[in-house]
Structures are given as structure tokens and as C-alpha cells.
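A structural walkthrough
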Amino acid sequence: MRQLLPDDTLWRNLRLATLDPDVHTPYGMLEGHALILRNGHIQAIVPEDALPTSHGNTHDLQGRLVTPGLIDCHTHLVFGGNRASEWEQRLNGVSYQQISAQGGGINATVMATRAATEDALFSLAQQRIDNLIREGVTLLEIKSGYGLNVATEEKILRVAARLADKYPIEISPTLLAAHAVPVEYRDDPESYITQVCEVIIPQLWEKGLFEAVDLFCESVGFNLEQSERVFSAAQAANIPVKGHVEQLSLLGGAQLVSRYRGLSADHIEYLDEAGVAAMSRSGTVGVLLPGAFYFLREKQTPPIDLLRRYQVPMAVATDFNPGTSPFISLHLAMNMACVQFGLTPEEAWAGVTRHAAQALGRQATHGQLKPGYVADIIVWDAEHPAEILYEPGRNPLYQRIYRGQRT
Ligand code: DI6
Ligand code: FE
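Notes on the coordination of the iron ion (ligand 2)
In an ideal tetrahedron of four donors about a metal, each angle is 109.5 degrees. In an ideal octahedron of six donors, the angles are 90 or 180 degrees. Surrounding the iron ion (ligand 2) are the protein donor atoms His-74 (NE2), His-76 (NE2), His-244 (NE2) and Asp-319 (OD), which sit 2.1 to 2.2 Å from the metal. One way to put it: the four donor atoms around the iron ion (ligand 2) meet at angles of 83 to 168 degrees, and that makes the site irregular. Read in sequence order, the donor residues coordinating the iron ion (ligand 2) give the pattern H-x1-H-x167-H-x74-D. Across this residue pair, the class does not change: His-74 and His-76 are buried.

A look at the site of ligand 1
The environment of ligand 1 is made up of 14 residues, and the closest members are Arg-83, Tyr-96, Tyr-146, His-179 and Thr-324. Contact distances for ligand 1 include 2.8 Å between a nitrogen atom and a side-chain N or O atom of His-179. For the shell around ligand 1, the per-class residue count stands at four nonpolar, eight polar and two charged.

Thoughts on the sheet that holds strand 1 (residues 9-17)
Within the open sheet, the seven strands sit side by side as 3-2-1-4-13-14-15. Their pairing is mixed. The open sheet has two edge strands with one neighbour each: strand 3 (41-47) and strand 15 (405-406). Relative to strand 3, strand 2 (residues 29-38) is paired through six bridges, and the arrangement is antiparallel. Across the sheet, residue Leu-37 finds its bridge partner in strand 3, namely Ile-42.

Quick word on unusual backbone geometry
Of note in this structure, Asn-13 is not a glycine but carries a positive phi near 60 degrees. Along the polypeptide, Asn-13 turns up in strand 1. Given a relative accessible area of 35%, Asn-13 falls into the partly exposed group.

What about the pattern of salt bridges?
Applying the stated criterion across every chain yields a total of 25 salt bridges. Asp-381 is the partner of Arg-64 in a salt bridge, and the nearest nitrogen-oxygen pair spans 2.6 Å. Linking Arg-64 in strand 4 (residues 58-68) with Asp-381 in the loop between strand 13 (377-380) and helix 15 (386-390), this pair joins segments that are 317 residues apart in sequence. For Asp-119, the salt bridge identified is with Arg-162, shortest N-O distance 2.9 Å. Taken together, the residues span a long stretch of sequence, with Asp-119 in helix 4 (residues 118-134) and Arg-162 in helix 5 (residues 150-166) at a distance of 43 residues. With a relative accessible area of 27%, Arg-162 lands in the partly exposed category. One connected set of salt bridges, linked through shared partners, spans Glu-170, Glu-211, Arg-362, Asp-376 and Arg-403.

Rules behind the numbers
- Residues numbered from 1 in each chain as written.
- Chains lettered and ligands numbered in written order.
- Predicted model: local features only at pLDDT ≥ 70, side-chain atom pairs only at ≥ 80, totals over all residues.
- Heavy atoms only, no water.
- Donors = N, O, S within 2.8 Å, 3.2 Å for Na, K, Ca; no water.
- Tetrahedral: all angles 85-135°; square planar, octahedral: opposite > 155°, others 65-115°.
- Buried < 20%, exposed > 50% of the residue type's maximum accessible area, 1.4 Å probe, protein only.
- Near = heavy atom within 4 Å.
- Polar contact = N/O pair within 3.5 Å; in protein donor to acceptor, adjacent residues only side chain to side chain.
- Nonpolar A, V, L, I, M, F, W, Y, C, P; charged D, E, K, R; others polar.
- Pairing = 2+ DSSP bridges.
- Helix = DSSP H or I, 4+ residues; strand = E, 2+ residues; numbered from the N terminus.
- Salt bridge = Lys/Arg side-chain N within 4 Å of Asp/Glu carboxyl O.

Any link to function would need more than the numbers given here.
Next comes the structure, spelled out in C-alpha cells:
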């Protein structure tokens with residue numbers, strides 16, 4: 001009979017979808033087990049019949065379904081303004097690329113974000129983060145990328161840090177200064193890349209404002225050579241990298257990310273077998289962003305069968321941003337990953353738990369219900385994990401537990 005400490009909490013009468021690949025059942029499902037939580041972590045998972053008959057701090061969950069907290073590993077959550085008028089232009093036949101070439105697109109949001117105060121950006125971000133917390137998100141990646149100068153990139157990252165201070169959620173901040181060429185460097189993109197490498201990365205890394213460097217390797221973003229300059233600068237400072245790659249064309253960005261042993265290659269609609277093989281060798285996660293695919297009315301889907309065959313972990317994220325994925329729902333992204341890309345519901349669940357944790361370098365501590373992992377746990381009023389993504393908008397969340405505390 002396991003001994004419990006006075007401060008331990010005991011969660012009984014539940015059905016555990018552990019998402020632990022070493023539990024060989026669908027979703028890593030464990031029936032008839034209980035959770036013991038201690039100091040914000042999972043202390044043990046024990047069979048119900050091996051428990052003490054009573055403990056001061058016991059929660060009976062009446063047989064409910066329990067999963068790890070959800071992880072949204074790719075968002076552009078902090079920005080000013082919106083792009084509804086551009087969206088209407090696109091629906092009247094103007095392409096994303098044309099709008100970008102006219103100084104719209106990312107740069108339109110850059111103007112709005114540069115003009116907004118830090119407090120205004122924080123207030124806008126609060127409404128968005130509330131939605132994700134209500135859906136059960138407990139770890140959230142937030143990128144910069146709508147500043148494109150050191151002051152505004154810092155402003156965005158400071159908003160991300162303030163969100164982490166205020167809300168019961170962990171934030172993983174990413175520097176995406178190489179998101180687009182700002183208007184003031186329109187005729188000299190190489191000099192902007194120099195600014196990113198020699199000013200923005202070192203200054204904001206020195207201030208401890210981000211964990212990884214991201215970039216947009218695409219015809220409307222940066223080419224391979226420019227992307228390599230950014231990754232090389234990050235590598236020189238031992239900063240992990242990731243990339244928006246192969247979204248609208250095949251430039252070889254995924255192979256570049258793999259060459260730098262990047263955390264993740266994101267979008268990857270145009271990824272080829274050479275890129276998949278490279279990702280498999282480097283342990284790079286493929287992050288699927290079906291919201292952008294849907295909103296841009298793309299036709300080319302990511303090579304899911306190749307990713308499966310090479311056992312490349314697939315994560316699923318919202319890519320929440322004003323230009324290509326204005327959907328602040330991870331449940332919807334899970335649904336879209338199944339309906340549009342052909343993932344199974346279990347793959348989508350792995351995509352927002354253990355694979356999303358791996359995309360953020362946290363596979364040893366987050367994204368599974370396993371002893372030693374963080375006690376980020378969601379209790380659902382649902383029979384089966386598939387219900388959560390089958391009916392986005394229903395949100396059967398019963399209780400959200402963040403680091404062992406109900407929130
Ligand atoms: N790819 C995307 O889909 C977003 N960023 C990126 O690199 C678009 C961001 C925007 O249009 O505001
Ligand atoms: Fe993105």
C-alpha cells in the first residue's frame with residue numbers, strides 16, 4: 001500500500017488517456033487507476049485497489065475522462081489590428097502574394113503593432129489567451145514577428161512574459177524577427193538580415209526574452225541563403241531553431257532546419273521525401289497548421305503518409321495569426337487536421353500533447369500523464385477523446401488542473 005505525504009493530492013475514479021507511447025492501448029488509456037500529485041508534478045499512477053482507504057486531499061472524479069493539458073506549439077498571439085479587409089480582397093481574387101507585394105500582409109500588421117502600446121497589445125492578447133485556457137491549453141508558444149525592429153520585437157516578447165506572469169499557463173516565447181522584410185528595408189533585405197543576426201537576436205537573447213529562433217523561409221519571406229544566415233547566428237549563440245517552411249512552395253527549408261537540428265519544421269504542405277528523411281534523422285517535429293491551409297484555400301496537403309512511414313512526430317497547432325489563421329481554437333485545429341489532412345483523432349491528440357511538447361523541447365516533462373511529468377491535467381465531461389475534436393465549440397472541459405492546482 002503506497003504511503004502518501006500530507007500535501008499529496010489523490011485523484012480517483014477516472015479514466016486516464018495518458019498519451020504515453022509506452023502504454024500500449026489507444027490513447028495510452030489506463031482504466032481503474034488513480035493519480036497522486038505532489039509539488040505540481042505527477043508523483044505516481046497507481047491501481048485503484050492499491051490506494052490507502054482514505055487521504056485528506058482526495059478528489060473523486062466519478063469516472064470521468066482525463067488527459068494531459070493541451071499544448072499549442074505555434075501561435076502569433078500578440079499583434080495589433082486585423083486583416084479582415086485583406087481577406088475580403090483575397091475573396092475578390094487578389095492573391096496573398098500580391099497583397100504582400102503591395103506592402104500589405106504581414107507588414108500591415110507590423111504597422112498596427114508598432115503603433116500599439118504594450119498595454120494595448122496585452123489587452124488584446126488577454127481575450128485570445130482566455131479562449132485557449134478555456135479549451136484546456138496549459139502550454140502555449142507565442143512568437144514575435146510583427147515588430148521587425150528591435151524595439152517592437154521586444155515589446156511583443158514582453159507582452160508574452162506578462163501573460164505568463166498573470167495566467168495559469170506556461171508560455172514558450174519564440175523570436176520570429178525574420179518573418180518578413182520591413183518596409184524600411186524593402187530595397188535591401190540583406191541588411192535587414194544583418195540587423196536580425198547582429199542586433200535583434202543578441203540584444204533580446206541577452207534579456208532572456210525568448211527560447212528559440214523561428215523564420216519564414218518562403219517566396220514571400222526569406223530565401224534559403226538568408227534563412228541560413230539567421231540559423232547560423234542562432235547556432236553561434238546556442239539558441240534552438242525552428243522554421244515556417246515549405247508552406248507555399250518547396251525551397252528546401254525543412255532540410256535546412258534539419259541540418260541545424262531544429263526543433264520543428266512548420267506548415268510543410270510542400271515537404272518532399274528528402275525533407276521528411278532529413279527530419280527523421282534530426283528528430284525534427286513536423287508541425288501541421290491546418291487553419292492556414294484552410295483559410296488560404298490551399299490545395300497541397302502535407303505528406304502525412306511519408307511522415308508516418310518515417311515516424312516523424314506530427315504536432316498540430318492553431319498558427320493563430322491575423323493573416324492566414326484567425327482561429328483561436330485548438331479543438332478546431334485538431335478537427336481540421338483530421339478532416340483536411342487525414343490524421344486520426346488519436347494522432348491529433350498526440351499532436352497537441354507529446355508531439356507538441358517535443359516541438360517545444362519539453363518531451364521529457366510535458367505532454368503525457370506519466371510519473372515525473374508536470375501535473376497539467378484536463379478532466380472532461382466526455383466518454384471518448386475523439387469527442388473533443390469531433391464537435392469543436394462544444395468544449396466539454398469539466399476541470400483544468402495546472403501544476404496540480406485547479407484553475
Ligand atoms: N506563415 C503564415 O501563414 C503566417 N506567417 C507565416 O510565416 C502569416 C502571417 C500573416 O499573414 O500575418
Ligand atoms: Fe505561423
